[in-house]
Amino acid sequence: MRITRDNLLHAAKSLCIDFASKKDPDVLMTHFSTTHQCVAYEHGLPILAPFLGRHFVGRDGVRDYFKTIASALSFERMEFSEYIVDPEVQKVSVKGRARFTWLSSEQSWDEIFTYVLDFDDDCKVTDYQVWADTGAAYLASKGRLGTS
C-alpha cells in the first residue's frame, strides 16, 4: 500500500474517534500493527502515575496500557483537532482535549494533550506517544488537586 496523507489522517482519526468513544481495548487494538512491535509510552515520571514513564511493549503491552488508563481515569467531552500529518515519515501528531477524573479521588481537571502516532506500511500504529498534564494527574491521584 502506498502511504498517503489521506490514508494516515483517516487511520489517526479512526483511532482517536474510537478512544474518545470509550471503545474496549480490544477494539482499540485493531488500530495497531500486527507486523511490527508496538509501543505505548506516556511521557512523565513513573512515580506520578502507573501509566507514566513506562514503555508498554508489544500488542499485549499496549492493551495493558489502555487497561491501566481505564483503571485509574475516566474522561468526558474528549475531542481531537489540529492533525499534523507527515507521510514521508509516516507520522501524525494531534491535539486532544478532555475533562479527566481520577477514579479513586473523584477529582477532575480539564486538560489539553498531544499524541504522536507512528504508522507501519499498512497504516497501523506502531508507536503511540502521549504528552499530557502529569502534574494534574498526580495531584488528583492524591486528592490534592484543588489545594495546591
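Scroll up to find the structure this text is about.
Just so it is clear, the structure is predicted and the values come from calculations on it, not from any experiment.

A. Region of interest: the overall build of the chain. Of the regular secondary structure elements, the chain holds four helices and six strands. Order of helices (α) and strands (β) in the chain, N terminus to C terminus: α-α-β-β-α-β-β-β-β-α. The C-alpha atoms of the chain give 15 Å as radius of gyration, which agrees with the globular expectation for 148 residues (15 Å, within 12%). Taking the principal axes of its C-alpha atoms as reference, the chain extends roughly 50 × 30 × 25 Å. For the chain, buried positions account for 47% of its 148 residues. Put simply, of all contacts in the chain between residues at least 6 apart along the chain, 53% involve residues at least 24 apart. Of the charged side chains in the chain, 17 are positive and 21 negative; the average position of the first set lies 4 Å away from that of the second.

B. Local environment of the nonpolar core. In this structure, Phe 32, Phe 51, Tyr 65, Phe 66, Trp 102, Tyr 115 and Tyr 128 are the most contacted members of the largest nonpolar core, which totals 46 residues. Those elements giving two or more residues to this core turn out to be α1 (5-20), α3 (58-72), β3 (73-86), β4 (91-102), β5 (107-119), β6 (125-131) and α4 (134-141). With residues up to four places along the chain from it excluded, the contact list for Tyr 115 reads Cys 16, Phe 19, Phe 80, Val 92, Ser 93, Val 94, Tyr 128, Gln 129 and Val 130.

C. Looking closely at α1. Taking 1.5 Å of rise per residue, 16 residues should cover 22 Å, and α1 covers 22 Å from first to last C-alpha, within 8% of that figure. Residues of α1 that are buried sit in contact with α2 (25-28), α3, β3, β4, β5 and β6. Of the residues one or two after α1, Lys 22 is the one with positive phi, at around 60 degrees.

D. Region of the structure containing the environment of Phe 56. Looking at where Phe 56 falls in the secondary structure, it is placed in strand β2 (residues 56-57). Each C-alpha atom of the pair Phe 56 and Tyr 41 lies 6.4 Å from the other, and the pair is 15 residues apart in sequence. Not counting residues up to four positions away in its chain, the partners in contact with Phe 56 are Cys 38, Val 39, Ala 40, Pro 50, Phe 51, Gly 61, Val 62, Asp 64, Tyr 65 and Thr 68.

E. Main features of empty space enclosed by the protein. Here the structure, examined in full by the defined rule, presents one cavity of 30 Å³ or more. Estimated volume of the largest cavity: approximately 180 Å³. What lines the largest cavity is a set of 19 residues, among which Glu 42, Leu 73, Phe 100, Glu 111 and Ala 132 lie closest to the centre. Those elements that provide at least two residues to the lining of the largest cavity are α3, β3, β5, β6 and α4.

F. Here's a closer look at the sheet that holds β6. Sheet architecture is open: six strands sit in the order β2-β1-β6-β5-β4-β3, paired in mixed fashion. If you trace the sheet from one side to the other, it starts and ends with β2 and β3, each paired once. In the sheet, β4 pairs with β5 via 12 bridges, with the strands oriented antiparallel. Looking at β5, one finds that Phe 100 is bridged to Trp 109. Along the sheet face, α4 touches β4 and β5 and points at about 135 degrees away from the line of β5.

G. Structural view of the layout of surface pockets. By volume, the largest pocket is sized at about 210 Å³. Every residue along the wall of the largest pocket is listed here: Phe 19, Lys 22, Lys 23, Pro 25, Leu 28, Phe 66, Lys 67, Ile 69, Ala 70, Leu 73, Ser 74 and Phe 75. For the lining of the largest pocket, the elements supplying multiple residues, two or more each, are α2, α3 and β3. In the lining of the largest pocket, the residues fall into eight nonpolar, one polar and three charged.

Calculation notes
- Residues numbered from 1 in each chain as written.
- Predicted model: local features only at pLDDT ≥ 70, side-chain atom pairs only at ≥ 80, totals over all residues.
- Heavy atoms only, no water.
- Helix = DSSP H or I, 4+ residues; strand = E, 2+ residues; numbered from the N terminus.
- Rg over C-alpha atoms; globule rule 2.2 N^0.38 Å.
- Buried < 20%, exposed > 50% of the residue type's maximum accessible area, 1.4 Å probe, protein only.
- Contact = heavy atoms within 4.5 Å.
- Lys, Arg positive; Asp, Glu negative; His and termini not counted.
- Charge placed at Lys NZ, Arg CZ, Asp CG, Glu CD.
- Core = buried A, V, L, I, M, F, W, Y, C linked by side-chain atoms within 4.5 Å.
- Expected span 1.5 Å × (residues − 1).
- 1 Å grid on protein atoms, 1.4 Å probe; cavity = no way out; pocket = protein on both sides within 12 Å on 5 of 7 lines; lining within 4 Å.
- Points joined across faces, edges and corners; volume = space filled by probe spheres on them.
- Pairing = 2+ DSSP bridges.
- Axes fitted to C-alpha atoms, helices over the stretch in contact; angles between N-to-C directions.
- Nonpolar A, V, L, I, M, F, W, Y, C, P; charged D, E, K, R; others polar.

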